[in-house]
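Topology and contacts: notes
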Amino acid sequence: MSTSTEPETTEVPEEKKTIQLQSTVESPSPCVRQVIVTIPHAEVERYLKDAYDEIVPEASVPGFRAGRAPRKLVEKQFRDRVREQVKGALLMDSLSQVSDKEEFSAIGEPEFDFESIELPEDNGDFKYQFTVEVRPDFETPTWKGLKLSKPVEEITDADVDESLQRVLGRYATLEATDEAAAMGDKLVVTIKFTENGKLLSELEEERVTLNSRLSFSDGVIEDFGTLMTGAIEGDTRTGKAKISDGVSNEETRGKEIDAEIQVIEVLKSELPKLTPSFLEELGDFESEQELRDFVRDSLTRQADYRTQQALRQSVVDALAGNADFELPKSLVQRQTQRELQRKVLELRRSGFDEDNIRRFVNASRQNAQASTEAALREHFILEKIAEEAELDAEAADYDAEVALIAQQSDSPERKVRARLEKSGQMDALRNQIVERKVIEMIVEAGEISEEKVEKTKGDDDQEFAVYHNILPTRDDDAIPAAKYEDNAPKDAEKKEKE
């Protein structure tokens with residue numbers, strides 16, 4: 001440390017001294033570190049002295065003017081408060097120092113019982129321990145020269161026609177009818193879920209589309225289409241809802257729950273005609289062709305998303321075999337909701353509508369632990385490659401993502417950014433940007449073979465999804481409600497409310 005003979009040294013802010021301490025680290029698992037910290041008694045005394053030096057000049061003690069009480073009396077009067085303050089300061093400063101010193105990257109807050117930690121009364125050292133979750137330590141897999149298959153989707157006029165019908169379906173005129181329900185009709189239903197006569201939950205007056213299956217956050221009525229076809233207003237039909245194999249309670253996995261479905265209304269729909277006035281109302285489209293171009297663009301982005309996801313899966317499948325590490329159950333549980341929110345944001349950004357997103361969310365919730373474990377493994381692998389390649393999200397990357405979301409939602413970019421920041425999703429946006437850059441780098445360095453995708457009628461046409469837990473649960477974390485439908489034309493939100 002250099003010294004100075006200049007008398008003005010008091011003008012230079014005094015830097016906080018490094019705490020003299022010892023720390024030992026154990027690794028019970030690749031993602032967990034248990035740390036024991038020992039701080040010599042001399043450091044405790046230093047912190048106590050500094051704390052009293054600060055409080056004595058202004059201390060108010062009965063019988064003395066402020067700042068005039070003897071130091072010993074002040075120390076006695078404020079002992080408990082100062083010791084608690086010093087304990088907190090030592091903990092925070094030493095935690096920061098240990099985190100900088102040790103060779104691990106924390107991904108969560110240190111866990112310790114503050115109340116059970118005590119400063120030594122006499123000359124003993126100050127000791128405490130904490131547990132912290134960290135990024136797993138593993139060898140970076142070889143990522144150059146991977147052989148990858150790239151699926152290629154062709155967007156046809158027939159695809160545009162089909163998607164346009166779905167878009168128009170959101171603006172269809174719905175009329176209650178006495179006719180029997182047919183596949184594709186809308187039903188307003190109330191569903192009671194019971195087990196041995198005991199009510200578990202109730203879905204009240206929910207509008208659903210009559211598809212083959214009806215899925216929920218923790219289960220599915222597989223034969224919903226068969227069960228409800230031919231039903232009329234006032235009918236009550238009974239069936240079974242099967243609880244998914246991915247729910248946290250093992251005893252309920254695969255259980256069949258009684259479902260009593262009451263038909264409140266059967267609704268037939270009539271699609272609007274593409275008149276100039278409707279096109280203008282729909283989103284200021286000047287022609288049917290402009291609307292079709294909008295729909296085609298959404299389909300193209302959805303196809304690009306599926307292509308990128310397929311490439312990503314090929315990449316992580318090739319890399320994951322060389323990075324085998326155990327993930328703590330507590331980490332997986334905490335990250336489940338965050339990962340779900342990140343995927344929802346990514347789907348909305350890629351132009352998927354809320355029907356598709358609900359299906360994805362329900363499927364993910366029904367297999368939450370496995371899907372979150374896979375996502376975390378992928379993230380750790382890609383993040384490590386990104387760090388070694390010095391890839392990160394730049395300001396321009398954030399601007400581009402926000403601009404795309406704003407364009408799809410017909411919202412000001414400032415409003416979209418504020419919503420993402422308020423909901424804590426800018427970090428999720430950063431992860432998406434970085435992981436996308438890593439995948440692009442790996443793909444560019446790989447051997448790519450294109451494979452044309454043969455389209456078949458998929459689950460999107462077979463399942464309708466609603467957010468509802470069949471089983472009672474205290475985990476009421478909700479997926480962020482959509483303020484818009486990304487693949488719907490402008491003014492969709494307004495029109496839907498009307």
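Residues numbered from 1 in each chain as written. Predicted model: local features only at pLDDT ≥ 70, side-chain atom pairs only at ≥ 80, totals over all residues. Heavy atoms only, no water.

If you tally the helices and strands in the chain, you get 14 helices and 13 strands. Buried positions account for 43% of the 498 residues belonging to the chain. For the chain, the exposed area adds up to about 28,300 Å²; of that, 44% sits on carbon and sulfur atoms. (Helix = DSSP H or I, 4+ residues; strand = E, 2+ residues; numbered from the N terminus. Buried < 20%, exposed > 50% of the residue type's maximum accessible area, 1.4 Å probe, protein only. Areas by Shrake-Rupley, 256 points an atom, 1.4 Å probe, with all protein chains shown as cover.)

Now for the packing of aromatic side chains. Across all of its chains, the model carries 6 aromatic pairs by this definition. A centroid spacing of 5.6 Å and a plane angle of 70° characterise the contact between Phe 285 and Phe 294, whose relative ring orientation is edge-to-face. Taken together, the aromatic side chains of Phe 112, Phe 126, Tyr 128 and Phe 130 make up a single cluster linked through ring pairs. (Phe/Tyr/Trp six-rings, centres within 6.5 Å; stacked < 30°, edge-to-face > 60°.)

Residues at a pLDDT of 70 or more form 88% of the chain, whose mean pLDDT is 82. Contacts of residues 1–15 to residues separated by more than four positions or lying in other chains number 1 contact, the stretch itself having pLDDT below 50. Counting interchain partners and residues more than four positions distant, the pLDDT-below-50 stretch residues 475–498 has 64 contacts. (pLDDT = per-residue confidence, 0-100. Contact = heavy atoms within 4.5 Å.)

Here we come to the packing of helix H1 (residues 41–55) against helix H3 (residues 79–101). When two helices pack together, their arrangement is given by the angle between their axes and by how far apart the axes lie. Taken N-terminus to C-terminus, the directions of H1 and H3 make an angle of 125°; their axes are 10 Å apart at the nearest point. With respect to H3, the element H1 is oriented oblique. The two elements H1 and H3 meet at a crossing, and its hand is right-handed. Where H1 approaches H3, its residues Val 44, Tyr 47, Leu 48, Ala 51, Tyr 52 and Ile 55 are matched on the opposing element by Arg 79, Arg 81, Val 82, Arg 83, Gln 85, Val 86, Ala 89, Leu 90 and Asp 93. Of the residues belonging to the contact of H1 with H3, the class tally is 10 nonpolar, 1 polar and 4 charged. (Axes fitted to C-alpha atoms, helices over the stretch in contact; angles between N-to-C directions. Parallel < 35°, antiparallel > 145°, perpendicular 65-115°, else oblique. Left-handed = near helix turned anticlockwise from the far one by under 90°. Nonpolar A, V, L, I, M, F, W, Y, C, P; charged D, E, K, R; others polar.)

Our next topic: the side chain of Ser 201. Its location among the elements puts Ser 201 in strand S7 (residues 198–209). Relative accessible area serves as the criterion here: at 11%, Ser 201 is assigned to the buried category. Reaching out from Ser 201, the side chain makes a polar contact with the side chain of His 468 at a distance of 3.1 Å. Separated by 3.4 Å, the side chain of Ser 201 and the backbone oxygen of Asn 469 make a polar contact. (Polar contact = N/O pair within 3.5 Å; in protein donor to acceptor, adjacent residues only side chain to side chain.)

This part covers the pairing of strand S2 (residues 32–39). Counting buried positions over the 8 residues of S2 gives 6, a clear majority of the element. Of the pairings in the sheet, the one linking strand S1 (residues 22–29) to S2 comprises 6 bridges and is antiparallel in character. Bridging from a neighbouring strand, Ser 23 pairs with Val 37 of S2. By the bridge criterion, 8 bridges tie S2 to strand S3 (residues 126–133) in an arrangement that is antiparallel. Following the sheet pairing, Val 32 is matched in S3 by Glu 133. (Pairing = 2+ DSSP bridges.)

Moving on, we get to the pattern of salt bridges. Using the criterion set out here, one finds 28 salt bridges in the structure. Note that Arg 430 is salt-bridged to Asp 392, the shortest N-O span being 3.3 Å. One end of the pair, Arg 430, is in helix H13 (residues 426–444); the other, Asp 392, is in the loop between helix H10 (368–388) and helix H11 (395–409), with 38 residues separating them in the sequence. Residue Arg 430 is classed as buried on the basis of its relative accessible area of 17%. Exposure remark for Asp 392: the relative accessible area of 36% places this residue in the partly exposed category. (Salt bridge = Lys/Arg side-chain N within 4 Å of Asp/Glu carboxyl O.)

With that settled, the discussion passes to the nonpolar core. Formed by 36 residues in total, the largest nonpolar core has its most connected members in Leu 319, Leu 327, Ile 385, Leu 420 and Ile 442. Those elements that place two or more of their residues in this core are helix H7 (288–320), helix H8 (329–349), H10, H11, helix H12 (413–422) and H13. Here the element with the most residues in this core is H13; it accounts for 9 residues. In this view, Ile 385 contacts Thr 140, Trp 143, Leu 319, Val 438, Met 441 and Ile 442; residues no more than four positions away in its chain are not counted. If you look at the next biggest cluster of nonpolar residues, it comprises 31 residues, including Ala 69, Leu 91, Leu 95 and Val 98. (Core = buried A, V, L, I, M, F, W, Y, C linked by side-chain atoms within 4.5 Å.)

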